[in-house]
Amino acid sequence: MGNGLAEQAQGNSGSSANCNIMHVDMDAFFVSVELLERPELRGRCVIVGSESGRAVVLSASYEARRFGVRSAMPMARARRLCPQAVVIEPNQAKYRAMSARVMEVFRNLTPQVEQLSVDEAFLDISGSQRRLGDPLQIGALVRGTIRDQLGITATVGIAATKFVAKIASTQAKPDGLLLIPQDRTVEFLHTLPVGALWGVGAKTRETLARLGIRTVADLAHTPPSALHKLLGAAGDHVHRLAWGIDDRAVTPERIEKSIGAEETFDDDVADTGQLRRELLRLAHRTASRLRASGMQCRTVAMKLRYADFTTINRSRRLPEPADSAQQLYAAALQLLEALGPRPQRVRLVGLRAEQLEPSDGAGRQLTFDGSEDQWRSAEQALDKVNRKYGDAGVLPAALLKTSGRRPDPPEATP
């Protein structure tokens, strides 16, 4: 890696004191899983993603990344940058199965595991060191176990805080290990561009650059009052991060704040009927995930993105908590109709269940005819059939007519 901090940490076990937070991130996860079945593609440019319509790159091998290919990039652009790449259609069930095995490896080392997405997690190893060794030894153990048992590679960042551990793993990629000693955290951070801080996106970078703030060191030495005036509460947040202050603990049980799905159309859509069919499809996908998670929602949100990429979001609170597609769909239709005439064709439509709560034992107010309960029972039966035969095994009759759309990649974090 050629990083002096890493070399010092490995040569001085004392420098790892209080470095109990580990961030583990799989390397090019979807590609790595695919290469287990297609080892002849190792060392070549490989892209995981659909080639249809407006599909985007889900994952790219590091060989393809050298040509500029990145996750979330439109597939058409990726093909222009790297025409020699082999494109593999994604298999989400396969990735979820491997993700479960990865998380099992983590939980065998420590119960303090906070899963962030299918391929990354924070680990608190403070209670594991007497049994497994110092942080660097545990980091090496994680990487070795992932490699030997699962056949893929992982990168590990270790630090005294979650924020710095995440940056460390990013710096060490691919297939690396980097520990940032607590007493050198500020020194490390102040070598980085300001965009390395959580909460500093493209627009914030532009705002800061206008004031000559381009590095974390620049930001750290800017008066907090000036940052607050410029960025509001976010200014206070990034100033603390610039000095390595992050008191968040690893949280093993993460409660999802929302569950939802989106679709991007192959061709921009003006037809209201097609939008309604997509909302019904999304309602079924979302409700199925709610029931599988044992959750219900109090609010339904809808997102529309127009042809010029203008995006609007609308939400509606439900009279009662729901996990039925028909209830989610009814609320989404009301949101769609409330928009009135649309100024442009629609590029993307999304539906999201928000304000989640456990459904077990929750009271549910039914109508006199019990229609909500009937719909819910029917959908639960549909869940059972689809678990056996696949997600497309049984569909509502209204969805049997196909529409030109492409599913967006699943969101990485709840």
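Keep in mind that this is a model prediction, so the values were computed, not measured.

**Remarks on the overall build of the chain**
Assigned secondary structure in the chain consists of 16 helices and 13 strands. For the chain, with 414 residues in total, the buried portion stands at 47%. For the chain, long-range pairs separated by at least 24 residues make up 67% of all intrachain contacts whose partners lie at least 6 apart in sequence. Of the roughly 20,400 Å² of accessible surface on the chain, a fraction of 50% belongs to carbon and sulfur atoms.

**Some remarks on the side chain of threonine 286**
With respect to the helices and strands, threonine 286 occurs in helix α14 (residues 272–293). Leaving out residues up to four positions away in the same chain, threonine 286 has contacts with Ile259, Gly260, Ala261, Leu328, Leu351 and Ala353.

**Description of helix α15 (residues 325–338)**
Taking 1.5 Å per residue, 14 residues should reach 20 Å; α15 reaches 20 Å between its end C-alpha atoms and fits that length. The complete set of buried residues in α15 reads Ala325, Leu328, Tyr329, Ala331, Ala332, Leu333, Leu335 and Leu336. Capping the start of α15 is the job of one residue whose side-chain oxygen sits 3.3 Å from the backbone nitrogen of glutamine 326: serine 324. Glycine 340 lies just past α15 and shows a positive phi near 75°.

**Some words on the packing of helix α12 (residues 224–231) against helix α13 (residues 233–242)**
Close contact between α12 and α13 brings their axes to 6 Å; oriented N to C, the two are set at 135°. It follows from the interaxial angle that α12 and α13 lie oblique. In the packing of α12 onto α13, the handedness of the crossing is right-handed. Of the residues in α13, those touching α12 at Pro224, Leu227, His228 and Leu231 are Ala233, Ala234, Gly235, Asp236, Val238 and His239. Residue composition of the contact of α12 with α13, by class: six nonpolar, three polar and one charged.

**Let's talk about the sheet that holds strand β3 (residues 59–60)**
What the three strands build is an open sheet, ordered β3-β2-β4; its pairing is mixed. The two strands at the open ends of the sheet, each matched to only one other strand, are β3 and β4 (86–88). Taken together, the two bridges between strand β2 (residues 46–48) and β3 define a ladder with antiparallel strand orientation. Paired with valine 48 across the strands is serine 59, a residue of β3.

**So, unusual backbone geometry**
The omega torsion across lysine 173 and proline 174 is -10°, close enough to zero to call that bond cis. Topologically, proline 174 is positioned in the loop between α8 (162–172) and β8 (177–179). One non-glycine residue, alanine 28, adopts positive backbone phi at about 40°. Relative to the assigned elements, alanine 28 resides in the loop between β1 (21–26) and α2 (29–37).

**Topic: the state of the cysteines**
Within this structure, the stated rule accounts for zero disulfides. We note that cysteine 82 lacks a disulfide partner, and the nearest cysteine sulfur, in cysteine 45, lies 3.6 Å from it. On the accessibility criterion, cysteine 82 (0% relative accessible area) is buried.

**With respect to the packing of aromatic side chains**
Scanning the model with the defined rule gives three aromatic pairs in all. Centre to centre, the rings of phenylalanine 29 and phenylalanine 30 are 5.9 Å apart; their planes meet at 50°, and the pair counts as tilted. Considered together, phenylalanine 29 and phenylalanine 30 belong to a single accessibility category, that of buried residues. When the ring of phenylalanine 30 is compared with that of tyrosine 95, the centres are 4.1 Å apart and the planes differ by 10°; the resulting orientation is stacked.

**Quick look at the packing of helix α5 (residues 92–109) against helix α7 (residues 135–150)**
Put simply, α5 and α7 touch, their axes get as near as 11 Å, and they point 140° apart. In terms of axis orientation, α5 runs oblique to α7. In this structure, the crossing between α5 and α7 has a hand that is right-handed. Contact residues: Met98, Arg101, Val102, Val105, Phe106 and Leu109 in α5; Leu141, Val142, Thr145, Ile146, Gln149 and Leu150 in α7. Among the residues forming the contact of α5 with α7, the class breakdown is nine nonpolar, two polar and one charged.

**Some points on the nonpolar core**
A general tendency of soluble globular proteins is for nonpolar side chains to be buried together. Counting 39 residues, the largest nonpolar core has Val102, Phe106 and Ile146 as the members making the most contacts within it. Counting residues per element, this core draws most heavily on α5, at seven residues. In this structure isoleucine 146 touches Met26, Val102, Val105, Phe106, Gly151, Ile152, Thr153 and Ala154, once residues within four positions along its chain are discounted. Residues Leu282, Ala283, Ala332 and Leu335 belong to the second largest nonpolar core, which totals 33 residues.

**Thoughts on α5**
Its 18 residues give α5 an end-to-end C-alpha distance of 26 Å, which sits within 8% of 26 Å, the value for a rise of 1.5 Å per residue. What α5 keeps buried is the set Lys94, Tyr95, Met98, Ser99, Val102, Met103, Val105, Phe106 and Leu109. Burial along α5 is one-sided: seen end-on, the buried residues are contained in an arc of 165°.

**Details of the pattern of salt bridges**
Evaluation of the coordinates by the stated rule reveals 17 salt bridges. Here lysine 94 and glutamate 34 are joined by a salt bridge, their closest N and O atoms 3.1 Å apart. Of this pair, lysine 94 sits in helix α5 while glutamate 34 is found in helix α2, placing the two residues 60 residues apart along the sequence. Close ionic contact of arginine 281 with glutamate 278 constitutes a salt bridge, the shortest N to O distance being 3.5 Å. Of this pair, arginine 281 and glutamate 278 both sit in helix α14, separated by three residues, roughly a single helical turn. Here arginine 281 and glutamate 278 have matching classes, each one buried.

Calculation notes
- Residues numbered from 1 in each chain as written.
- Predicted model: local features only at pLDDT ≥ 70, side-chain atom pairs only at ≥ 80, totals over all residues.
- Heavy atoms only, no water.
- Helix = DSSP H or I, 4+ residues; strand = E, 2+ residues; numbered from the N terminus.
- Buried < 20%, exposed > 50% of the residue type's maximum accessible area, 1.4 Å probe, protein only.
- Contact = heavy atoms within 4.5 Å.
- Areas by Shrake-Rupley, 256 points an atom, 1.4 Å probe, with all protein chains shown as cover.
- Expected span 1.5 Å × (residues − 1).
- Polar contact = N/O pair within 3.5 Å; in protein donor to acceptor, adjacent residues only side chain to side chain.
- Axes fitted to C-alpha atoms, helices over the stretch in contact; angles between N-to-C directions.
- Parallel < 35°, antiparallel > 145°, perpendicular 65-115°, else oblique.
- Left-handed = near helix turned anticlockwise from the far one by under 90°.
- Nonpolar A, V, L, I, M, F, W, Y, C, P; charged D, E, K, R; others polar.
- Pairing = 2+ DSSP bridges.
- Disulfide = S-S within 2.5 Å.
- Phe/Tyr/Trp six-rings, centres within 6.5 Å; stacked < 30°, edge-to-face > 60°.
- Core = buried A, V, L, I, M, F, W, Y, C linked by side-chain atoms within 4.5 Å.
- Arc of directions from axis to C-beta.
- Salt bridge = Lys/Arg side-chain N within 4 Å of Asp/Glu carboxyl O.

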